[in-house]
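Each chain, written out:
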Amino acid sequence: MSCAGSTVVFHESIENRMTLYIDDNLMTGIIATPFREGWIESDLDVQIVPNLTADRVDKGDVALISVAEAASLVDTHFIDPAIAVAGGNTPESAISAIVMRTPVRPDGVEETPIRMIDTTPTAELLIRALLRPYFGITGAGFVYDSTDPAAAEAQVVVLDGPRGLTDADHGYQEDLAKAWYVLTGTPVVYAVAVVGIHADGGEKEIAALKEALALGQERRRDVRRILAGDDDSVDRDRLAAMTNGLRYELDATDVCSASNLLSRGTWGTSWRRQLPAVK
């Protein structure tokens, strides 16, 4: 599928040149796709990176990156609220591709390994934040490798991306973004734009992200087709509803939600619990 793959580099890196990084996943697809497909021309050094981590982002760079990884940049970057990816702010529009599957109703599961399949940092924050407080499930470890013996014992499976837009063969499926909205009354923030302290304000990079967003929204049907790929099991209607519900600026509620998610969902991880300052 088009959401996975190797890093796409539009310009060769030049020493001391600022780079615009974009985390490449389903939720950032409206912004990433115009760059990746060559619909937009830019003289910036743009790199689209699946599972973008904070250690790739320098003080002079701008990045559209997950909240979890943004927390690691608290000392070197600030958040520009003019561009982001956030979920719908109503129960009906709080739709995502981050889902939890269980063989029985979640309230029938007490303690189990948690199987993580193709998950983003946002998915991990959500399941850790929701597992015990919302679902009443105790996690007996998180399993990322299919060859781990605990994978076969897991009664909770977390899926992300296009696979999260497919129907479960059996059992129950919960949308974790919707569960977060029910628990907190706030939407999930999937990505924020961080600007390095040596990035001269990042105005050109933020403008390029906005231009890509406008083009992605204009050609949203093409974007959805590309994101779904050739997998007929992907629910196109749900993909459309999800992308229609996304918002692309941060407001005060989003910032509070992102901070709350870091506070609740980083236990057992190396991610920090503090967001960078907001411009």
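These numbers come from a predicted model, not from an experiment.

(A) Quick look at the overall build of the chain. Along the chain, the regular secondary structure elements total 8 helices and 11 strands. For a compact globule of 279 residues, the expected C-alpha radius of gyration is about 19 Å, and the chain comes in at 18 Å, within 12% of that figure. Seen through its principal axes, the chain has C-alpha atoms that stretch 55 × 40 × 40 Å. Out of the 279 residues belonging to the chain, those deemed buried represent 56%. Contacts in the chain between residues far apart in sequence, at least 24 positions, make up 84% of those at least 6 positions apart.

(B) Fine view of the packing of aromatic side chains. Inspection of every chain in the model, using the stated rule, returns 2 aromatic pairs. With a centroid separation of 5.9 Å and 65 degrees between ring planes, the pair formed by F142 and W267 is classed as edge-to-face. Pair noted here: F142 is in strand β8 (residues 138-143) and W267 is in the segment after α8 (252-265), with a separation of 125 residues, a long-range link. With relative accessibility at 36%, the residue W267 sits in the partly exposed group. Sitting over the face of the ring of W267, R128 holds its NZ or CZ atom 4.9 Å from the ring centroid. R219 extends its terminal NZ or CZ atom over the ring of W39, reaching a point 3.8 Å from the ring centre.

(C) Region of the structure containing the nonpolar core. Ranked by size, the top nonpolar core spans 84 residues in total, and within it I31, F35, V85, I127 and L176 carry the most contacts. It is strand β11 (residues 189-196) that contributes the most residues to this core, 7 residues altogether. Every residue in contact with L176, bar those within four places of it in the chain, is listed here: I98, V99, M100, L126, I127, L130, F135 and V158.

(D) Highlighting empty space enclosed by the protein. The final tally for this structure, using the stated rule, is 1 cavity of 30 Å³ or more. Of the volumes computed, that of the largest cavity is approximately 60 Å³. Split into classes, the residues belonging to the lining of the largest cavity amount to 5 nonpolar, 5 polar and 2 charged.

Here is what the cut-offs are and how they apply
- Residues numbered from 1 in each chain as written.
- Predicted model: local features only at pLDDT ≥ 70, side-chain atom pairs only at ≥ 80, totals over all residues.
- Heavy atoms only, no water.
- Helix = DSSP H or I, 4+ residues; strand = E, 2+ residues; numbered from the N terminus.
- Rg over C-alpha atoms; globule rule 2.2 N^0.38 Å.
- Buried < 20%, exposed > 50% of the residue type's maximum accessible area, 1.4 Å probe, protein only.
- Contact = heavy atoms within 4.5 Å.
- Phe/Tyr/Trp six-rings, centres within 6.5 Å; stacked < 30°, edge-to-face > 60°.
- Lys NZ or Arg CZ within 6 Å of the ring centre and 35° of its normal.
- Core = buried A, V, L, I, M, F, W, Y, C linked by side-chain atoms within 4.5 Å.
- 1 Å grid on protein atoms, 1.4 Å probe; cavity = no way out; pocket = protein on both sides within 12 Å on 5 of 7 lines; lining within 4 Å.
- Points joined across faces, edges and corners; volume = space filled by probe spheres on them.
- Nonpolar A, V, L, I, M, F, W, Y, C, P; charged D, E, K, R; others polar.

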